Structure formats: C-alpha cells, structure tokens
Amino acid sequence: CMECGQFLSRDHLIQYGPNWVCGNCKIFVFQRLKEGVAAPGELRFATFLQRLGAKIIDSIIVFIAVLFLSFILMPILMSLSFSSDSPAVSTFGIFLTTFGYMFITFGIPLMYTVYFLTKHGATPGKMAMGAKVVLSDGSPITRGRAIARFFAEILSYMILWIGYIMAAFDRETRTLHDIICNTRVVRSS
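Residues numbered from 1 in each chain as written. Predicted model: local features only at pLDDT ≥ 70, side-chain atom pairs only at ≥ 80, totals over all residues. Heavy atoms only, no water.

Q: Outline the overall build of the protein chain, supporting the account with residue identities and numerical values.
A: Of the regular secondary structure elements, the protein chain holds seven helices and four strands. Ordered by position in the sequence, the α and β elements of the protein chain form the string β-β-α-α-α-α-β-α-α-α-β. Whereas a compact globule of 189 residues would reach a radius of gyration of roughly 16 Å, the protein chain reaches 22 Å, over 25% beyond that. Seen through its principal axes, the protein chain has C-alpha atoms that stretch 80 × 30 × 30 Å. In the protein chain, which comprises 189 residues, the proportion classed as buried is 37%. Once local pairs closer than 6 in sequence are excluded, the contacts in the protein chain between residues at least 24 apart make up 60%. Roughly 11,400 Å² of accessible area belongs to the protein chain as shown, and the carbon and sulfur atoms make up 69% of that amount. One way to put it: in the protein chain the 17 positive side-chain charges average out to a point 5 Å from where the 11 negative ones average out. (Helix = DSSP H or I, 4+ residues; strand = E, 2+ residues; numbered from the N terminus. Rg over C-alpha atoms; globule rule 2.2 N^0.38 Å. Buried < 20%, exposed > 50% of the residue type's maximum accessible area, 1.4 Å probe, protein only. Contact = heavy atoms within 4.5 Å. Areas by Shrake-Rupley, 256 points an atom, 1.4 Å probe, with all protein chains shown as cover. Lys, Arg positive; Asp, Glu negative; His and termini not counted. Charge placed at Lys NZ, Arg CZ, Asp CG, Glu CD.)

Q: Break down helix α5 (residues 143–158) for me, citing the residues and quoting the values.
A: With 16 residues, α5 should cover 22 Å at 1.5 Å per step; its first-to-last C-alpha distance of 23 Å lies within 8% of that length. Ala146, Arg149, Phe150, Ala152, Glu153 and Ser156 are the residues of α5 that are buried. Leu160 lies just past α5 and shows a positive phi near 60°. (Expected span 1.5 Å × (residues − 1).)

Q: Can you tell me about the side chain of Asp178, naming the residues and giving the values?
A: As for its position among the elements, Asp178 is in helix α7 (residues 176–181). With relative accessibility at 0%, the residue Asp178 sits in the buried group. Only 2.8 Å separates the side chain of Asp178 from the side chain of Arg149, close enough to count as a polar contact. If near-sequence neighbours (up to four positions away) are discounted, Asp178 is found in contact with Arg51, Arg149, Thr173, Thr183, Arg184 and Val185. (Polar contact = N/O pair within 3.5 Å; in protein donor to acceptor, adjacent residues only side chain to side chain.)

That's the geometry; what it means functionally is another story.
Structural data, given as structure tokens:
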C-alpha cells in the first residue's frame, strides 16, 4: 500500500495509476486527492544538483549570519568572563560565553531552517533553486518535523556527508534525513 506501507496481496489492494492502496487507506488517499494534495507517485522530485545548489546557498547565508553575530556577541560575552576578579562572576561569564557560542552555532541554523520550512515550505536556497520540502504524501511540513529534520541532518554531516550523497543514488533524491523524517524535496514550479 502506497499509504501505510503494508504488504498485501493484490486482492486486497486498489490500483491508482502505478500505485496500490489498501482498503483501509483508500478513504484517506482519495480524500486528499479531492482536496488537491498530490499522491506520492505524482510528486516531481528535485534533482541532486538542485539540492546541492540549495545547500550551498543556505550554507553561505547561515555562515554570514553566524559570523556576523559572532563578531558582535562573542567579544561582549568574553569580556564578562575576564572582567571580574570574583571567581563566581568569571565562572558565570564563562558559562554565558559557552551558551552564547552554542546558541550562535546551533540555534541560528535551527531557527533559520525551522522558520523557513514551516512558513514557506522552503529555505531561501531551496526557493532560489525552485524546490520545497513536503511530507511523503505531498502535504506541508510541520514545525515538529522541521525540527526533527534539522537534527537528522546533523547525522548526515557526521557520517562524512554520506547521508547527502545518498540523494544522488535514490529515485526520489532522498537524503538520510529525508528517509528518517519521511520528507521529500520536490520542485516548487
């Protein structure tokens, strides 16, 4: 079944184009089709090069934002760490500096990604490359799924970018984080 993924005999499935739907899911699939949401087989997936271009654009934007905030915020936080003779104040300053660094390096990219994916369905890089992120059924991505996708994307980095390279060999150009979060990157136009 294209909806629930169960393996059933053809006697228990209804064919819709090249896809098959079980009796339990047919109501939901055909209701979505009536509402204008595309079936999984109808999605036009973004190419590997579109995804690569979008990632490069987004990386440049986030790098500039992180660099800018680092030059502004980090000197202020570091001055708190070393400006006092009191060990308690210095320790608190070191804590603030560490927290500020973590916020800048993880918080800014997280907020950037989640905001644009939930508000527009695509980050500026994906918009520039004519792509957007949707769930496997074609519906818009939710805030929780966008957050999960961000953290799953870190896993794609950690395994030497293999999670990204997978898109070049997948029929739907899915990366590891797309597979984990059941999302797809499709053409927006």
